[in-house]
Amino acid sequence: MSPVRSSAWYPAPSAVSPRARGWLQNRGSLTQLIQQHCSNFRVKQMFQSLDKACGDELAVMNLRRNELALVREVYLYCGNTPVVFAHSVVARKDLRGAWRGLSGLGNRSLGTVLFTNPVIRRTPLKFKKLTPAHPLFHRACQKLKVKPSGLWARRSLFSLRGQSILVTEVFLPSILELA
């Protein structure tokens, strides 16, 4: 597979079950959607630091290859079961601007911030089935007892005052168990 094709994200998921498609294509707050299906929702921050973005995030975020950005990674849990791995990237320069409050989120939901501010705009969702070749696949699988062959992910940019945050949500197999 060519490097360009393997790093591509698509406007719609393909070959996915109708139930999975419902989770993937919902444009509302994923936090709120999970809370509708889970009485014991929580967020657990796993990583937050200045770090390099993934290769397929550089162009989207207008970052140079070795440029540091704020990277935040959390699991969204229903009870003791992780159902989503979320990864967000903010350019370092934007931490003094629109997104300056993000560094203090801790175990609070980023989605709550993004969906309660009516000024924040979201780009259309892009989709990709992550395989072990993608760095986010391994980070998403850290809490899984059995690693699947692939995991569906979606991402989009949220913009505030001309500054963007890229949010990628990786859906773990247990998301399909939520009624």
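Above this text sits the structure in question.
Sequence order as written defines the numbering, with residues in each chain counted from 1. The predicted nature of this model means local features are confined to residues of pLDDT at least 70 and side-chain atom pairs, given and counted, to a pLDDT of 80 or more, with totals for whole chains, interfaces and linings taken over all residues. Only hydrogens and water are set aside; all other atoms, that is, all heavy atoms of the structure, feed into the side-chain values.

K.L.:
Help me out: how do you make sense of the state of the cysteines in this one?
P.N.:
By definition, a disulfide links the sulfur atoms of two cysteine residues through a covalent bond. Two cysteine sulfur atoms make up a disulfide if the distance between them is within 2.5 Å. For the structure on display, the rule yields 1 disulfide. Here cysteine 38 pairs with cysteine 78 through a disulfide, and the sulfurs are 2.2 Å apart. Taking the sign of the S-S torsion, 105 degrees for the link of cysteine 38 and cysteine 78, the bridge is right-handed. Linking cysteine 38 in the loop between α3 (30-37) and β1 (41-52) with cysteine 78 in strand β2 (residues 68-78), this pair joins segments that are 40 residues apart in sequence. Under the scheme applied here, a residue whose accessible area is under 20% of the maximum for its type counts as buried, over 50% as exposed, and between as partly exposed, the area being computed with a 1.4 Å probe on protein chains only. The buried category is assigned to cysteine 38, whose relative accessible area is 6%. No disulfide involves cysteine 141; its sulfur sits 14 Å from that of cysteine 54, the nearest cysteine. By relative accessible area, which is 1% here, cysteine 141 ends up buried. Going along the chain from the N terminus, every DSSP run of H or I of four or more residues is numbered as a helix, and every run of E of two or more is numbered as a strand.

K.L.:
I'm lost on the environment of valine 90 in this one. Help?
P.N.:
By the element assignment, valine 90 lies in strand β3 (residues 81-91). Separated by 29 residues in the primary sequence, valine 90 and methionine 61 place their C-alpha atoms 7.8 Å from one another.

K.L.:
Would you take a moment to explain the pairing of β3 for this structure?
P.N.:
Within a regular strand, side chains alternate between the sheet's two faces. Buried residues dominate β3, accounting for 10 of its 11 residues. Two strands qualify as a pair provided that DSSP identifies no fewer than 2 bridges between them. Note: β2 against β3, 10 bridges, orientation antiparallel. Within β3, the position partnered with leucine 76 by the bridge is valine 84. In this sheet, strand β7 (residues 163-171) lies alongside β3 in antiparallel orientation, the contact comprising 7 bridges. Bridging from a neighbouring strand, serine 88 pairs with valine 167 of β7.

K.L.:
Sorry if this is basic, but what is going on with unusual backbone geometry here?
P.N.:
In most cases, non-glycine residues show a negative phi, while peptide bonds are predominantly trans. A positive phi is found at alanine 15, a non-glycine position, where the angle reads about 50 degrees. One can find alanine 15 in the loop between α1 (3-6) and α2 (18-25). Residue classification places alanine 15 among the exposed residues on the basis of a relative accessible area of 80%. The backbone phi angle of arginine 161 is positive, close to 50 degrees, even though this residue is not glycine. Residue placement: arginine 161 occurs in the loop between β6 (151-160) and β7.

K.L.:
Looking at this model, I keep getting lost on the nonpolar core. Mind explaining?
P.N.:
Note that soluble globular proteins tend to have their nonpolar side chains buried in a common cluster. Here, nonpolar core refers to any group of buried Ala, Val, Leu, Ile, Met, Phe, Trp, Tyr and Cys residues whose side-chain atoms link them within 4.5 Å. If you look at the biggest cluster of nonpolar residues, it comprises 22 residues, and the most contacted ones within it are Trp23, Leu30, Ile34, Leu76, Val84 and Ile175. Counting residues per element, the ones that place at least two in this core are α2, α3, β1, β2 and β3. Contacts are assigned to residue pairs with any non-hydrogen atoms lying within 4.5 Å of each other. Apart from the residues within four sequence positions on either side, valine 84 is in contact with Leu30, Ile34, Val74, Tyr75, Leu76, Glu169, Val170, Phe171, Leu172 and Ile175. In terms of nonpolar packing, the next biggest core, distinct from the first, is built from 15 residues, Cys54, Leu136, Leu151 and Leu172 among them.

K.L.:
What exactly am I supposed to notice about the packing of aromatic side chains here?
P.N.:
Where two aromatic rings form a pair, the distance of their centres and the angle of their planes describe that pair. Here is the rule: rings of Phe, Tyr and Trp (six-membered ring for Trp) pair when centre to centre is within 6.5 Å. Planes less than 30 degrees apart are stacked, more than 60 are edge-to-face, and the remainder are tilted. For the structure shown, the criterion picks out 3 aromatic pairs. Ring geometry for phenylalanine 115 against phenylalanine 158: centres 5.8 Å apart, planes inclined by 80 degrees, an arrangement best described as edge-to-face. Placement of the pair is phenylalanine 115 in helix α5 (residues 110-116) and phenylalanine 158 in strand β6, with a sequence separation of 43 residues. You can call phenylalanine 115 partly exposed: its relative accessible area is 34%. Judged by its relative accessible area of 3%, phenylalanine 158 is buried. Members of the aromatic cluster, each reached through a chain of ring pairs, are Tyr75, Tyr77 and Phe85. Geometrically, a lysine NZ or arginine CZ counts as sitting over a ring once it is within 6 Å of the ring centre and also within 35 degrees of the ring normal. One cation-aromatic arrangement involves arginine 42 over tyrosine 77; the distance from NZ or CZ to the ring centre is 4.1 Å.

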